[in-house]
Amino acid sequence: MPLARYYLACMPEEPLKSQILGEQKMLYDRYGLKAMFNSPPHITLYRPFEWEESREPYLTNSLICNFKFKPFDVVVEGFSGFPRRVLFLKIAPNEELQALYKSLRRFMRERLGIINEYSNAYGFTPHITLAFRDLKPALYDALITAYKNRIFEGRFNVSKIWLLKHDRTWKPIVNFGSFVLVYGHNGTPWTHARFLGM
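Here goes a summary of the coordinates provided.

So, how was this worked out
- Residues numbered from 1 in each chain as written.
- Predicted model: local features only at pLDDT ≥ 70, side-chain atom pairs only at ≥ 80, totals over all residues.
- Heavy atoms only, no water.
- Helix = DSSP H or I, 4+ residues; strand = E, 2+ residues; numbered from the N terminus.
- Pairing = 2+ DSSP bridges.
- Axes fitted to C-alpha atoms, helices over the stretch in contact; angles between N-to-C directions.
- Buried < 20%, exposed > 50% of the residue type's maximum accessible area, 1.4 Å probe, protein only.

Quick look at unusual backbone geometry now. With an omega of 5 degrees, the peptide bond running from Glu 14 to Pro 15 counts as cis. Checked against the element boundaries, Pro 15 lands in the loop between β1 (3–10) and α1 (16–31). With phi around 75 degrees, Arg 168 is a residue other than glycine that occupies positive phi space. Relative to the assigned elements, Arg 168 resides in the loop between β7 (161–167) and β8 (169–176).

This part covers the sheet that holds strand β6 (residues 153–158). Read across the open sheet, the four strands follow the order β5-β4-β3-β6; overall the sheet is antiparallel. The two strands at the open ends of the sheet, each matched to only one other strand, are β5 (127–131) and β6. Strand-to-strand twist in this sheet, taken as the mean axis angle between neighbours without regard to direction, amounts to 35 degrees. In the sheet, strand β4 (residues 86–91) pairs with β5 via four bridges, with the strands oriented antiparallel.

The next point concerns the pairing of β6. Side chains Gly 154, Phe 156 and Val 158 of β6 all project onto a buried face; the interleaved residues Glu 153, Arg 155 and Asn 157 project onto a face where none is buried. Where strand β3 (residues 72–82) meets β6, six bridges bridge the pair, whose relative direction is antiparallel. Considered in β6, the bridge of Val 75 is made with Arg 155.

Don't take any of this as a statement about function, it's just geometry.
Printed below as a string of structure tokens:
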């Protein structure tokens, strides 16, 4: 059976999305970097994995119906990188984001039988990539120095997770995951699942 490639991520919405795209476009205009445009701006929550394309409905339905979390905010603050290969926007330490990553990895393993050894080996350093695959070491050194004192600040609400699929570029195909708080007639809150994105 043909295999397709997928990954899971949270993605900032406007106006932060346009701010990030502006930073990426500047890197393209000045240095010709363009590999980052293969995906929309995002924080990877589960690295690329393979799945039988004919069973995609089972994958999407499993995620939509069975994985839920409470929305929370993420703060983007400044620039950093993985030495000599990736320039990125830093994400402020966030316990809820770390818990979401661990919960999602456990779900993928226990409910779907997906084990991503690459993801396990490298752990989780949440970030939003600005440049990577076509970023040469010498240019990385110059950029990380130039960006060291630059300011970038942003915040976005993580209320859903996106499943992206590779089809020449990475495209978001469905989102899932959040709960909303609903109040009963006496004012007592109770949690109600919100099904997103199909």
